[in-house]
Amino acid sequence: MACGGRKKERKRTIVSASVGATELTSETRQFEVNKGHAQHQQCSAFSGNNQANTSNALDKRCAREIGVAAQICLYVLFNPTTIGLLEPAAWLEITQSTVSKLEWNQDNPMSNASAGPSNNTGSATAFQHVPTSLEELIQLLLSDQEITYVHQTLKAFAKETRDASIASLLPSGQDPLELLHPELHTLGFLYILSARLSVTGAPPPRIAIVEMFCRSFNPEQARLAPDRVTAFAKGIVRASRDNLKYALTPLCELITRYPPNLSYLTTLHPIFLNACVTTRHYTAALPILTVPILNVDTNLSDLHYNDNLLYHYAGGIALGALKRWREAEEFFEIVVSAPAQAAAAIQFEALKKLTLVQLILYGKALPPPKYTNSVLIKLMKNSPYFNFSKSYPRTISKLTASATKDEELYRTEKNWGLVQQTIAKAPQWLIKKLTLTYLTLGLGDIASLIGVATKDEVRALILDMIESDEITASISVDGTVTFSDSVAQFSKADVDNALVQAQTQSQLLLQLEREMNLSKEYIAKALKHKDEAWGAPDEEMYNVNSGGGWGEDF
């Protein structure tokens, strides 16, 4: 038969080539002869089963096996010194690698051997070593290798070359990004972009390419390299430092598409919020700020403790600038009450801003949560902010005189504008105090009590408060103001909505509590510190039991 003739010819080829390999050990040669017999028996078995139907397939297989055997022996002939030192197990590994390469090339004659197999089965035989050049790396990225293998290869290549090779152009001068697709080759795109934005002297990518990548990258691939996502975001900020507003659009796309949903805290959050605050584009941050942080996954992002503080601190500044005082208060309070063994400087800065925001919201500073670090409260008590909050509200002239003494400090700490807003809000809080004591008052009397110059200013101020539902009052023709108790009005829809929100929050808290109770680290720390008491707030500082001293205020 034709197949039998080819089998004999194949066997003679193996034997003759093995004789030529004089450096082979007897054990290795015996391994080759046994391999030839095994292939012979396998081919005979196939030929015995319906020869007419399998003739073409066997012809192809026999020809391929002859080529494989010849390639193995040629490899030995041209590498006698190296192969002579190999054990049979190592030799078998080389054999399998060569077989895999040749089998794939027989099925894909038009392809390049170094490009790898076309299926996505996870075979990594085409690249048994880390690519040594950017060309080989791009060739790997363009192949259809398993994504986890591509990721490991990229990490190894970046570590060996320290990003220098990844950040360069191809020897032909072509940009490798032009050969890749941002969605199909997200990992390669991400590594190249982050390297170019970090390596000194590297050709910077065009802003259009950065924006295109942020719009169309594959989030699942990007999540395999969270450190590279962080480096990429920081690189965008550095590249746009001359005009940081250009970084807002790609950063917004990145932070919106990268996590599974916006309730996950990532390292991108503080980077984006800091850019918004620096450029004073506060409204750009609202889509992110309006979604509360409910999930933290360190596998999703290489988070650190300060990332949480920086995000909520910058978010509080942005919300305060938009006069969304209740949200700003919540963000600053999260920073202040964040648990830690030692108080951070940013927590003290947040406490200062929190105090001023509460003066605007409530007319007084409220006690912080009981689990707030007691060191922060002691520091606050020794600062000018404490004296200012203790004397609030008073007439504008008195508050201005008090604030002017420490104006330099307020300006240095970037809080002078917030102090000015608390002073401007003081007359409204004084009027609210009057509603607790008087039923009727003339416009002139109110003007003298709150320190406003004219009746017209008082009239405009009261009308604004009535319109915003801060007070319930009426002004007669002769200028008499009549105060009345406000009646809270709630519709059935408002009540139902509040109940649904309360039930949702309750279920969420219960789920979080169960997850925490399963944490070994949490249980260990809870047992270790179970006898330690949390620092209690200073009642004197926050005027918890203080009465209204009208003589002092006026």
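Calculation notes
- Residues numbered from 1 in each chain as written.
- Predicted model: local features only at pLDDT ≥ 70, side-chain atom pairs only at ≥ 80, totals over all residues.
- Heavy atoms only, no water.
- Phe/Tyr/Trp six-rings, centres within 6.5 Å; stacked < 30°, edge-to-face > 60°.
- Buried < 20%, exposed > 50% of the residue type's maximum accessible area, 1.4 Å probe, protein only.
- Lys NZ or Arg CZ within 6 Å of the ring centre and 35° of its normal.
- Helix = DSSP H or I, 4+ residues; strand = E, 2+ residues; numbered from the N terminus.
- Contact = heavy atoms within 4.5 Å.
- Disulfide = S-S within 2.5 Å.
- Expected span 1.5 Å × (residues − 1).
- Arc of directions from axis to C-beta.
- pLDDT = per-residue confidence, 0-100.
- Patch = residues over 30% accessible without salt bridge, like charges linked within 9 Å, V, L, I, M, F, W, Y side chains within 5 Å.
- Areas by Shrake-Rupley, 256 points an atom, 1.4 Å probe, with all protein chains shown as cover.
- Salt bridge = Lys/Arg side-chain N within 4 Å of Asp/Glu carboxyl O.
- Pairing = 2+ DSSP bridges.
- Axes fitted to C-alpha atoms, helices over the stretch in contact; angles between N-to-C directions.

Chemist: Mind laying out the packing of aromatic side chains, listing which residues take part and the relevant values?
Modeler: A full pass over the atoms with the stated rule returns eight aromatic pairs. When the ring of phenylalanine 388 is compared with that of tyrosine 392, the centres are 6.2 Å apart and the planes differ by 40 degrees; the resulting orientation is tilted. Each member of the pair, phenylalanine 388 as well as tyrosine 392, is classed as buried. Through successive ring pairs, a cluster of aromatic residues spans Phe189, Phe213, Phe217 and Phe232. In this arrangement the basic side chain of lysine 245 is found over the ring face of tyrosine 246, its NZ or CZ atom lying 5.9 Å from the centre.

Chemist: I'd like a rundown of the environment of phenylalanine 483, residues and numbers included.
Modeler: One can find phenylalanine 483 in strand β5 (residues 480-484). Owing to a relative accessible area of 5%, phenylalanine 483 belongs among the buried residues under this scheme. Along the chain, phenylalanine 483 and threonine 440 lie 43 residues apart, while their C-alpha atoms are 6.1 Å from each other. Leaving out residues up to four positions away in the same chain, phenylalanine 483 has contacts with Thr435, Tyr438, Leu439, Leu441, Ile446, Ile471, Thr472 and Ala473.

Chemist: I'd like to hear about the state of the cysteines, residue by residue, with values.
Modeler: Scanning the model with the defined rule gives zero disulfides in all. The thiol sulfur of cysteine 276 is not disulfide-bonded, and the nearest other cysteine sulfur, from cysteine 252, lies at 7.5 Å.

Chemist: Describe helix α16 (residues 325-336), with residues and values.
Modeler: Taking 1.5 Å as the rise per residue, α16 with twelve residues should run 16 Å; its terminal C-alpha atoms sit 16 Å apart, in good agreement. Residues of α16 that are buried include every one of Trp325, Ala328, Glu329, Phe331, Phe332, Val335 and Val336, and no others. Projection of α16 onto a plane perpendicular to its axis shows the buried side chains occupying an angular sector of 165 degrees, all on one side. Contact partners of the buried residues in α16: α14 (286-289), α15 (305-321), α17 (345-362), α18 (374-381) and α22 (416-435).

Chemist: So, the confidence of the model for the protein chain: which residues are in play, and what are the values?
Modeler: Mean pLDDT over the protein chain: 77, with 72% of residues reaching 70 or higher. Long-range and interchain partners of residues 1-127, a stretch whose pLDDT sits below 50, account for 116 contacts in this model, where long-range means more than four residues apart. In the predicted structure, residues 533-554 sits below a pLDDT of 50 and forms 44 contacts with residues beyond four places in sequence or in another chain.

Chemist: I'd like a description of a nonpolar patch on the surface, backed by residues and values.
Modeler: On the surface, a nonpolar cluster with roughly 370 Å² of combined accessible area is contributed by Met516, Tyr522, Ile523 and Leu527. Here the nonpolar patch takes three residues from helix α26 (residues 520-528), the largest share from any one element. Relative to the elements of secondary structure, tyrosine 522 occurs in helix α26.

Chemist: Outline the sheet that holds strand β4 (residues 472-475), listing residues and values.
Modeler: The strand order across the open sheet formed by three strands is β3-β5-β4, and the pairing between neighbours is antiparallel. Only two strands of the sheet have a single neighbouring strand rather than two, namely β3 (440-442) and β4. Neighbouring strand axes in the sheet, compared pairwise and without regard to direction, differ in orientation by 25 degrees on average. Two elements, β3 and β5, share three bridges in a ladder whose sense is antiparallel. Its bridge partner being in β5, glycine 442 is matched across the sheet by threonine 480. Of the strands in this sheet, β3 and β5 are in contact with helix α23 (residues 443-450), which crosses β3 at around 85 degrees. Of the strands in this sheet, β4 and β5 touch helix α24 (residues 455-467), which is tilted by about 140 degrees from β4.

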